[in-house]
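A look at the structure
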Amino acid sequence: MNRALWLWAALLAFGCSPDGPTLGLPGCAGAPEAPFPRSELNTIESGAQVALTAAGTDLLLSERERIAGLLLDVDPDGWVRLDIPDQETGSDRFGIGLRDIRVAFDLRTVQIDLEFVADPARIRLTVGDARLRFERGNVWVGVGGNGACTLENGIFRGDPGEHFLTAGLVIDVFPEVDAEGRFQVRVALEPPTVDRLDIELGVDPNLPECSDFGSPAECDFACGASDIGADIIELLYGLFDAQLNALLTPFIEQAVNDIAVQYTDKPLALEGALPAALLGALLPLPLDAHPLLYRAAPTPEGFTLRTAGARGDGLGLSLDLGLDAVDHPCVAPTNRAPLLEAGPAPALTGYDAEGEPYHIGLAVAEATLDRLLWSLWRSGLLCLRLDTDDIDALAGQRIDTDTLGLLLPGLDRLAGGPRPMMVVLDPQIPVDAFPLLDLRPIEDDGGVPQVGVSVNVPGLGIELYAYIEGRWSRIFAARTDVAVDVAIQPVDGTRLALAIETPQIGELMVEYDGLVAADDLPALLRLVLDLATRALSTEALALDVDLSGTVEDLTGLPYDARITGLRVDGPQSDHLSVLTTLDPVNRGALVAPVETHATVQSVAPGRAVVAVQATAPGLTAARFQHRLDHGPWRPLVAAVDGALLIDEPLLHVPGTHRLEVRAVAEGAYRTLDPTPAVVAIEVIAPPKAEPALDPAENMPPTAPQGAPAPRAATGGCRALPGDDRAPGGLPVALAGLLVGLALRRRAPRSR
């Protein structure tokens, strides 16, 4: 038996499986050259919780026959066969021994119960009415010579259900984590209770003891109705009554160890480094950013019992999560770091607020996400640079000085024709501004499981450059507070995704202005920040964690993991809990998706009105979400009078834009339309106004003092136009660990 029953062991290891399958996350690879530099500042103690819930154990019990079929030798009649080690008992005067013993117990009649017990945390398996029968076995006799008998069943003798013993067993399984962070399993049996025992002796003339003198007479005498036969039976009764624990313990220990063999002695602690170069193929992120260091390890308390009232027991494991990075030159040096702490862990009971069961729960502390955001920032990954080519690749729209001339007439005058643009983000975040992130429930969710995440970034630096006269010239520089709201939602039964609002800006603190007062700076900055968010939240980082097929691959059980709930959790409402249910493969009713229809009604600068409709059998109400030019999906909303107002900064850019709209039935998130409706929005460029000022009056200096372009002195954030450096690739598996990249900017909150 090579399959692991402990699915939760694989999940708590973040998808790290010894045989290779993962959950779309980084897995076991990537060990750093040096151990993770753990400190109280870079490690969130109990930053994540994993639990196999009471409902999960109920599911295992309901599948006990199938599970036993995977682990044990079960015949078509439901009997499980066990080989018992050889035994000896008796005295020098009269001794007997058992050999070649194979017994079986009736799995279909046995009564199995499973519970969690505390101090120390363990799984207790109670087995009642366990009926054992002899499949084969011999007892040899040492008295005045040698003889041997076969062992026969005395209860219901001759019937298909014959057996020799009915007993009750209590088995404790202790999952443990040793001092080196390795997973161990220890098994203990309480003395079994023998309810009924009836053994008969038989004669087999082919046994060596019965044929050594050419006649089975000695065996006939010893195994028949004689005083010796009665003495043998008495010794056997005493053996099975008093030593049943010793007889069964080796088998049960072996069975449990076989269950955990793929994880026993495997380190549950994972650590590694994620180099920024892995991101370069898909995202215009800083290729010279420093690696993100991480470590996840069980807390010293190891496995613990979680209790929350009736049927609320579950076995959980707390993890300490460490995240760090060496400071990049593009961020201000500091010898401080925020002290981020997780609040008390939520009780992952196995039953949600509506009483619906879930089998596996995962809770991640808000402090963990904040620490991830801090580490990504300090590594230089947020020092973003987007040029015209980058924007074209991201949005399919070419944005240059001519395009932005509608918002920036002054820029249009300065460039004297279409010139490449470049946007630089300079995130100089004060240490005291952390934590930046807030988890929040989404009250009006339309029956779709969702959790909101709000991120504030104070004092974000935004700089605009144009390529004029053969060099990059700074046009504008300012700082502002930026906010972004994000919704985490299930896309279908097995995947999570991010829906991101358009970034919002606060009051501008202008540091350099080569433009004129007539320019629409707020609209420009909304466009710039939307492009930056788009760069950090492409589909490659859409939290695309696909669980389909994982359970069957790991355990052989025909189940699929389905995400059934998301909630803000814990006594301090500072945990994101993901609730997962195990559903039979191909046994659940198929869910018919909604079909979405959309038609453009009107277009104006920065916005459009689109008529929408959702159709499906029995549909009464629907929610809609959209995305423009392959950007991030926006959160789900209800249509107003059958229409959506599409307010998008990119709709200020002339040209043809691709709008996708998809619908989902309220209260049925698995009906989300997998084939969104696609419409074209045509934005017509209005006539340009005649310049009111002499271009010479506002020509910006080239390469001004302190300007970051081209940033070669500080390592550079991105290759400039014409740079032929070839970036590396990005495995989809990085989606889970890099979700923090997409969680940013919301209006500053009071602290």
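What follows is about the overall build of the protein chain. Each helix and strand counted, the protein chain has 12 helices and 31 strands in total. Split into buried and exposed, the 751 residues of the protein chain put 54% on the buried side. Long-range contacts, defined here as pairs at least 24 residues apart, represent 74% of the contacts in the protein chain between residues at least 6 apart. Here the protein chain has roughly 31,100 Å² of accessible surface; of this, 51% comes from carbon and sulfur atoms.

This next bit is on the sheet that holds strand E30 (residues 655-665). Ordered in space as E28-E30-E31, the three strands form an open sheet in which the pairing is antiparallel. The sheet is open, and its two borders are formed by strand E28 (622-628) and strand E31 (677-683), each paired with just one other strand. Shown here is a sheet whose adjacent strand axes are inclined to one another by a mean of 30°, direction ignored. When E30 meets E31, the two strands line up antiparallel, connected through seven bridges. Looking at E31, one finds that arginine 658 is bridged to alanine 680.

Inspection of the entire model under this criterion finds five aromatic pairs. A centroid spacing of 5.1 Å and a plane angle of 80° characterise the contact between tryptophan 374 and phenylalanine 434, whose relative ring orientation is edge-to-face. Here the residue tryptophan 374 occupies a position in helix H8 (residues 366-378), and phenylalanine 434 occupies one in the loop between strand E17 (421-427) and strand E18 (437-441), the gap between them amounting to 60 residues. According to the relative accessible area criterion, tryptophan 374 is buried, its value standing at 4%. Here phenylalanine 434 falls in the buried class, since its relative accessible area comes to 7%. Ring plane angle 65° and centroid distance 5.1 Å describe the contact between tyrosine 467 and tryptophan 472, whose orientation is recorded as edge-to-face. Its relative accessible area of 10% is what places tryptophan 472 among the buried residues. The structure contains a cluster of three or more aromatic residues connected by ring pairs, namely Trp374, Trp377 and Phe434. The aromatic ring of tryptophan 374 is capped on one face by arginine 378, whose charged end is 5.5 Å from the ring centroid.

This next bit is on the sheet that holds strand E29 (residues 643-647). Strand order across the open sheet formed by three strands is E26-E27-E29, with antiparallel pairing between neighbours. Strands at the two margins of the open sheet, each flanked by one partner only, are strand E26 (595-604) and E29. Each adjacent strand pair in this sheet contributes to an overall mean axis angle of 30°, direction not counted. Bridge count between strand E27 (residues 607-615) and E29: five bridges; the pairing is antiparallel. Residue pairing for E29: alanine 611 is matched across the bridge by alanine 643.

The next subject is unusual backbone geometry. Look at the link from phenylalanine 434 to proline 435: it is a cis peptide, with omega at 5°. You can see proline 435 is positioned in the loop between E17 and E18. If you check the backbone angles, aspartate 100 has positive phi at about 55° while not being a glycine. Looking at where aspartate 100 falls in the secondary structure, it is placed in strand E4 (residues 95-106). On the basis of relative accessible area, aspartate 100 is assigned to the partly exposed category, the value being 42%. Phi is positive for glutamate 469, which is not a glycine, with a value near 55°. When you line up the elements, glutamate 469 lands in the loop between strand E19 (451-468) and strand E20 (471-490).

Here the focus is the packing of helix H9 (residues 388-395) against helix H11 (residues 521-536). The N-to-C vectors of H9 and H11 enclose an angle of 65°; their axes lie 10 Å apart at closest approach. When the axis of H9 is compared with that of H11, the two are roughly perpendicular. In this structure, H9 crosses over H11, and the sense of that crossing is left-handed. Mapping the contact onto sequence places Ile391, Leu394 and Ala395 in H9 and Leu531, Arg534 and Ala535 in H11. Considered class by class, the residues forming the contact of H9 with H11 number five nonpolar, no polar and one charged.

The final tally for this structure, using the stated rule, is three disulfides. Note on cysteine connectivity: cysteine 210 is disulfide-linked to cysteine 219, with sulfurs 2.0 Å apart. Judged by the sign of its S-S torsion, about -100°, the bond between cysteine 210 and cysteine 219 is left-handed. Considered together, cysteine 210 and cysteine 219 belong to a single accessibility category, that of buried residues. Paired by a disulfide, cysteine 330 and cysteine 383 hold their sulfur atoms 2.0 Å apart.

Right, let's talk about H8 for a bit. Compared with the 18 Å implied by 1.5 Å per residue over 13 residues, the 19 Å span of H8 between its first and last C-alpha is a close match. Most of H8 is tucked away, with 13 of its 13 residues classed as buried. Looking one or two residues beyond H8, the residue adopting positive phi is glycine 380, at roughly 95°.

For the coordinates displayed, the defined rule picks out 32 salt bridges. Among the ionic pairs, arginine 295 bridges to glutamate 271, the shortest N-O distance being 3.7 Å. In this pair, arginine 295 is assigned in strand E13 (residues 292-306) and glutamate 271 in strand E12 (residues 270-274), connecting sequence segments 24 residues apart. Overall, the relative accessible area of 25% leaves arginine 295 in the partly exposed class. Within this structure, Arg122, Arg124, Asp172 and Glu190 form a network of salt bridges that share partners.

Chain-level pLDDT for the protein chain is 76 on average; 75% of the residues reach the 70-or-more range. Considering only residues more than four positions removed or in separate chains, one finds that residues 692-751, a stretch of pLDDT under 50, has 170 contacts.

Attention now goes to the side chain of asparagine 153. Positionally, asparagine 153 belongs in strand E7 (residues 146-153). A polar contact of 2.7 Å, which involves the side chain of asparagine 153, links it to the backbone nitrogen of phenylalanine 134. Within the structure, asparagine 153 has its side chain in polar contact with the side chain of glutamate 162 (distance 3.4 Å). Ignoring sequence-local partners within four residues, the contact set of asparagine 153 consists of Arg133, Phe134, Glu162, His163, Phe164, Asp198 and Glu200.

What follows is about the environment of alanine 393. By the element assignment, alanine 393 lies in helix H9. Measuring from C-alpha to C-alpha, the distance between alanine 393 and alanine 535 comes to 9.9 Å, with 142 residues separating the pair along the chain.

Moving on, we come to helix H6 (residues 227-242). With 16 residues, H6 extends 22 Å between its outermost C-alpha atoms, agreeing within 8% with the 22 Å of an ideal straight helix rising 1.5 Å per residue. Where H6 is concerned, the buried positions are Ile228, Gly229, Ile232, Ile233, Leu236, Leu239 and Phe240. Down the axis of H6, the buried set is contained in an arc of 140°. They therefore lie on one face. Along H6, the residues that are exposed and aim more than 90 degrees away from the buried face are Asp227, Glu234 and Ala242.

How each quantity is defined
- Residues numbered from 1 in each chain as written.
- Predicted model: local features only at pLDDT ≥ 70, side-chain atom pairs only at ≥ 80, totals over all residues.
- Heavy atoms only, no water.
- Helix = DSSP H or I, 4+ residues; strand = E, 2+ residues; numbered from the N terminus.
- Buried < 20%, exposed > 50% of the residue type's maximum accessible area, 1.4 Å probe, protein only.
- Contact = heavy atoms within 4.5 Å.
- Areas by Shrake-Rupley, 256 points an atom, 1.4 Å probe, with all protein chains shown as cover.
- Pairing = 2+ DSSP bridges.
- Axes fitted to C-alpha atoms, helices over the stretch in contact; angles between N-to-C directions.
- Phe/Tyr/Trp six-rings, centres within 6.5 Å; stacked < 30°, edge-to-face > 60°.
- Lys NZ or Arg CZ within 6 Å of the ring centre and 35° of its normal.
- Parallel < 35°, antiparallel > 145°, perpendicular 65-115°, else oblique.
- Left-handed = near helix turned anticlockwise from the far one by under 90°.
- Nonpolar A, V, L, I, M, F, W, Y, C, P; charged D, E, K, R; others polar.
- Disulfide = S-S within 2.5 Å.
- Expected span 1.5 Å × (residues − 1).
- Salt bridge = Lys/Arg side-chain N within 4 Å of Asp/Glu carboxyl O.
- pLDDT = per-residue confidence, 0-100.
- Polar contact = N/O pair within 3.5 Å; in protein donor to acceptor, adjacent residues only side chain to side chain.
- Arc of directions from axis to C-beta.

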